[in-house]
Amino acid sequence: MRIQLCVVGRLKVGPERSLIDDYLKRFDRIGRGLSLGPATVSEVEDRKGGGMGAEAVLLKRAVPSGARLCVMDERGKAMSSPAFSEMICGWRDQGAQDAAFVIGGADGVDPELRESADSVLSFGKMVWPHMLARVMLAEQLYRAAAIAAGTPYHRA
């Protein structure tokens, strides 16, 4: 099952980009044997300043047709790493070819897009900077694959 991170904004070269690239490379390496991956990032940008609605249109275009959709949002469900791994592997086992994870812009994700998602997840009650949310999602994808593979990376 291919993984697509559909995100608002362009990430420049720097520590966040390095961390994301590292975690997604690790995910691809361990996920390959589990039929997970590759993981890619689609960055969209609303240059006209249309807000959440305009961003939602661009994000929907970035989501592969028929993909399972997970929106990252502070109003979402908090989930343990093992449960996240089970969710992803469950989608794969149900025959999903693609899964898309959406991270909105500064104002969040358009409510209509959020309501259409298969899952809405939160990294907790705190609001995280957009770029850190990307890093955290990339790490959790790697952790999910590591859990599914039975590696010692996740020590809970």
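Rules behind the numbers
Residue indices follow the written sequence of each chain, beginning from 1 at its first position. pLDDT decides what is reported in this predicted model: residues at 70 or higher carry local features, side-chain atom pairs at 80 or more are listed and counted, and totals for whole chains, interfaces and linings draw on all residues regardless. Only hydrogens and water are set aside; all other atoms, that is, all heavy atoms of the structure, feed into the side-chain values. Here, a salt bridge means any Lys or Arg side-chain nitrogen found within 4 Å of an Asp or Glu carboxyl oxygen. The buried label goes to any residue with under 20% of its type's maximum accessible area, the exposed label to any with over 50%, and the partly exposed label to all in between, with areas taken from a 1.4 Å probe on protein chains only. Whether two strands pair comes down to DSSP finding at least two bridges between them. Under the DSSP-based scheme used, a helix requires at least four consecutive residues in state H or I and a strand at least two consecutive residues in state E, with every element numbered from the N terminus. Orient the strands so they point away from the viewer; a crossover is then right-handed if the path from the first strand over the helix to the second runs clockwise.

Things to note about the pattern of salt bridges
Close approach of charged atoms allows side chains of opposite charge to pair.
And step 1. In this structure the tally under the stated criterion is eleven salt bridges.
And step 2. Notably, a salt bridge pairs Arg-92 with Asp-93, separated by 2.8 Å at the nearest N-O pair.
And step 3. A residue is classified by how much of its surface remains accessible, and Arg-92, at 22% relative accessible area, is partly exposed.
And step 4. One connected set of salt bridges, linked through shared partners, spans Arg-10, Glu-45 and Arg-47.

Things to note about the pairing of strand β3 (residues 68-78)
And step 1. Relative to strand β4 (residues 98-103), β3 is paired through five bridges, and the arrangement is parallel. By the bridge assignment, Arg-68 is partnered in β4 with Ala-99.
And step 2. Handedness of the β3-helix α3 (residues 81-93)-β4 crossover: right-handed.
And step 3. Strand direction decides the pairing type here: β3 and strand β5 (residues 119-122), joined by five bridges, are parallel.

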